[in-house]
Amino acid sequence: MTIRTTLLSLMIISFALLFQNCNGFKMTDTQSKNDNNNNQSDDQTDNNVIKNEINFVGLNDLTYNYAPSVIFDNGTRHMWTCSNTSNPGEFRDVISYFIGNSLNHVTLNNSDNKTSWDGYHVCDPSIIKTKTLFNGQEYQYLMAYLGEDWNDANGDGQFVCHTSPQECSMHNQTGVAFSNSLAGPWIKFDKPILPFSSRTEWGIGQPSLIKKSNGNIVLFYTQGDKFKTSVYAKEYSFLEFDINQGPKLISGPIELHNVGLINSHIQSFRNADFVLSSDYQTLYMLRASDDDSFIQIGSINFDLLLKGQGSWTTIRHIDRFDTHYPLNHNAGFAKTVDGHLPNPSKLTLYITSNPTTPTRPDAPRVEWDYEINEYSFFLTPAEKVIPEPPPPPPPPKAPEERPIVITSPLNHSIIQDSGDIRFEWSYSEGLATQFWIDLSDDPNFSWFWNTNLPSTQRSLVYSNAKWNKGTPNSPEILNSLTTGKKYYLRVTGFNGNNVLPQTLSQTTEFYLTSSNPKLSISWSYSGSATHFWVDISEDSGFAWFWNKSFSAQTRAAQYDGPYWFNNFNVPSNAPPTLKSGVTYSIRITPFIDANPEVDKIIIQTRIAP
């Protein structure tokens, strides 16, 4: 989690967010006292923060350490930091390794090649135990890290990273290295697995690794570009590692939401680390505020988060009242080699802090004063486990839902009068012994004709059949349907003579029309046209139309379908005959020889059913 990331944040402390100090280690008097506190029972429910001042101190005033990554393995603490151990006095990061209470060695260096993708900085280590077959060799540990190359900011061949750390904070990318020991040596994959193209934007970094129960690795990372800064996740299988392409991508990227983490001092999701409960259910997260004054800690159901769901629970903030430092940033969780909590009842994190803030341009660099200290607190029972909630019960049926659904005719259908009209419906309750089918030209069914069928039937063909009188004021019988009329149909399920509750179907309406409706058109005209063209279309903009030419003396026409020209872009599925219930646009244009007159008539008419 490189401090240079803070150049992306909305509230910037320009000097304090770049790097960090100290590469030696000393144990203060406070540590020995707090070590006793850390030995208290796991059953402790006190949620106060316990501070353990491990306070990394530089070998001289020109070195720094920050962005710790910590693993406890068999009781031993292993820590990796971003530092300038190899380059005292320069702002050029390597990854240093501490075992127990002392600096061991630089475990991952930057490349000496200025054209290499990690030729200037290597930083933000995250380590996890996972089997990888790389270049014919099997490895059991994986490190993800940020790499940064030398930046020719002006395009003049002058590499400037060694002169200004702000100018170096662009074109970050994320890569991986492999080892069979936590102490190294680490073997790099020679290209980033998360590349970034722009050399004028921050890029991709601050990786954090989590192992799923199936052995796949979830890589969380920060991406900052001209659009926004946010944290994303990708799932990989490192068991399948291609020497040219890298690990096999399983899913992602997904952008992490911040539901439940809303805080006016944190506008961008970045500078984050993650640790998982041993049952793989609860994911714990820490991130820095935009001004790097405090660390926010939250938890969420792991599976739901990877689906873009769930809601974070904000557990606490660790700020200057806990650390006694004005700046607190670039933190990391204590983890096991599998990325789990070492103690299921306690969260332990390591925070980069500095006791000074820049007050004037010529002030000493605050990075030389950075410290890394340990903070821990016991989780309440509600914070320990966030199980995935059971699936919600099925929603109750909406009031309009019915077990009987009329499937034909569909509502607002236009049916040609062929004498044979088929009514169809579905039925899902299974208790009806018969159906009554009601038909009316009154939408309220104040009167209707009806007929009944056994419950084994789901359709009826009306073919000028005689239907019963359904109500006292109905006509005696229904002999036939009338063309041009609107009808309403409903179906009701009965058990014997009893209406079954909620079995009245939705009413459907339909129009009965003749099989070939005609359209008569007439117009007036006082000019000197030699002929008229009459266009007709379902499109009011006349993107397509049928048309026909009429003599100058004509003032009326009748559309008779196939005898008009299929003149302009008419769709192949457009019927040649008119349809009842459809609105048509008609355009009459007078012509003098081949020239259309300016004046034209456009009308719209609807063919009534």
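Residues numbered from 1 in each chain as written. Predicted model: local features only at pLDDT ≥ 70, side-chain atom pairs only at ≥ 80, totals over all residues. Heavy atoms only, no water.

Thoughts on the overall build of the protein chain
Looking only at helices and strands, the protein chain has 5 helices and 38 strands in total. Expressed as a percentage of its 609 residues, the buried residues of the protein chain come to 53%. Of the roughly 27,000 Å² of accessible surface on the protein chain, 49% is carried by carbon and sulfur atoms. (Helix = DSSP H or I, 4+ residues; strand = E, 2+ residues; numbered from the N terminus. Buried < 20%, exposed > 50% of the residue type's maximum accessible area, 1.4 Å probe, protein only. Areas by Shrake-Rupley, 256 points an atom, 1.4 Å probe, with all protein chains shown as cover.)

Re the packing of aromatic side chains
Under the definition given, this model contains 26 aromatic pairs. Ring geometry for Tyr64 versus Tyr66: centroids 6.0 Å apart, planes at 45 degrees, classification tilted. In this structure, Tyr64 and Tyr66 share a single accessibility class: buried. Look at Phe269 and Trp312: their rings are 6.4 Å apart centre to centre, the planes differ by 65 degrees, and that puts the pair in the edge-to-face class. Placement of the pair is Phe269 in the loop between strand E13 (246-255) and strand E14 (272-276) and Trp312 in the loop between helix H3 (302-306) and strand E17 (313-318), with a sequence separation of 43 residues. Among the residues examined, Trp312 registers a relative accessible area of 3% and is labelled buried. Ring pairing ties together the aromatic residues Phe134, Tyr139, Phe178, Phe189, Tyr236, Phe238 and Phe241, which thus form one cluster. We note Arg316 situated over the ring of Phe377; from NZ or CZ to the ring centre the distance is 4.5 Å. Of note, Arg490 hangs over the ring of Phe448, and the distance from its end group to the ring centre comes to 5.0 Å. (Phe/Tyr/Trp six-rings, centres within 6.5 Å; stacked < 30°, edge-to-face > 60°. Lys NZ or Arg CZ within 6 Å of the ring centre and 35° of its normal.)

Observations concerning unusual backbone geometry
With an omega of 10 degrees, the peptide bond between Gly252 and Pro253 qualifies as cis. Secondary-structure assignment places Pro253 in strand E13. A cis amide bond links Ser408 with the next residue in sequence, Pro409, at an omega value of 0 degrees. Along the chain, Pro409 turns up in the loop between strand E21 (404-408) and strand E22 (413-416).

Describing the side chain of Asn450
Examined against the element boundaries, Asn450 turns out to sit in strand E25 (residues 449-454). Those residues in contact with Asn450 that lie beyond four places of it in its chain are Trp436, Ile437, Asp438, Trp467, Asn468, Lys469 and Gly470. (Contact = heavy atoms within 4.5 Å.)

Brief notes about the environment of Tyr97
By the element assignment, Tyr97 lies in strand E4 (residues 94-99). Once the C-alpha coordinates of Tyr97 and Ser83 are considered, the two residues, 14 residues apart in sequence, prove to be 9.7 Å apart. Tyr97 has contacts with His78, Met79, Trp80, Leu103, Asn104, His105, Thr107, Leu182 and Ala183, leaving out every residue within four places of it along the chain. A polar atom in the side chain of Tyr97 sits 2.7 Å from the side chain of His78. (Polar contact = N/O pair within 3.5 Å; in protein donor to acceptor, adjacent residues only side chain to side chain.)

Points about the state of the cysteines
Each disulfide is one covalent bond, formed between the sulfur atoms of two cysteines. Enumeration over the complete set of coordinates arrives at 1 disulfide. Between the sulfur atoms of Cys82 and its disulfide mate Cys123 the distance is 1.9 Å. Between Cys82 and Cys123 the sulfur-sulfur dihedral comes to about 100 degrees; the bridge is accordingly right-handed. Here Cys82 is found in strand E3 (residues 76-83), whereas its partner Cys123 is found in strand E6 (residues 121-134), with 41 residues between them in sequence. (Disulfide = S-S within 2.5 Å.)

Observations concerning the pattern of salt bridges
Applying the stated rule across the entire model yields 12 salt bridges. For Lys212, the salt bridge is made with Glu235, and the minimal N-O distance between the two is 3.2 Å. With Lys212 in the loop between strand E10 (203-211) and strand E11 (217-224) and Glu235 in strand E12 (residues 229-242), this residue pair connects regions lying 23 residues apart in the sequence. Grouping residues by exposure puts Lys212 and Glu235 together as buried. (Salt bridge = Lys/Arg side-chain N within 4 Å of Asp/Glu carboxyl O.)

Notes on the sheet that holds E21
On the basis of which strands lie adjacent, the open sheet formed by 3 strands has the order E21-E23-E26 and antiparallel pairing. Strands at the two margins of the open sheet, each flanked by one partner only, are E21 and strand E26 (459-462). Each strand of the sheet is rotated relative to its neighbour by a mean of 25 degrees, with strand direction disregarded. (Pairing = 2+ DSSP bridges. Axes fitted to C-alpha atoms, helices over the stretch in contact; angles between N-to-C directions.)

Brief notes about the sheet that holds strand E19 (residues 346-354)
Pairing is mixed in the open sheet, where 8 strands are placed in the order E1-E20-E19-E18-E2-E3-E4-E5. The open sheet terminates on both sides in strands that have one partner only, identified here as strand E1 (50-52) and strand E5 (102-108). Neighbour-to-neighbour, the strand axes of the sheet open up by a mean angle of 25 degrees, direction not taken into account. Relative to strand E20 (residues 371-378), E19 runs antiparallel, the two being bridged by 8 bridges. Note on E20: the bridge partner recorded for Leu349 is Tyr375.

A closer look at the confidence of the model for the protein chain
Looking at the protein chain, the pLDDT average stands at 78 and 76% of residues meet or exceed 70. For the stretch residues 1-46, pLDDT sits under 50, and the model shows 177 contacts to residues farther than four places along the chain or on other chains. (pLDDT = per-residue confidence, 0-100.)

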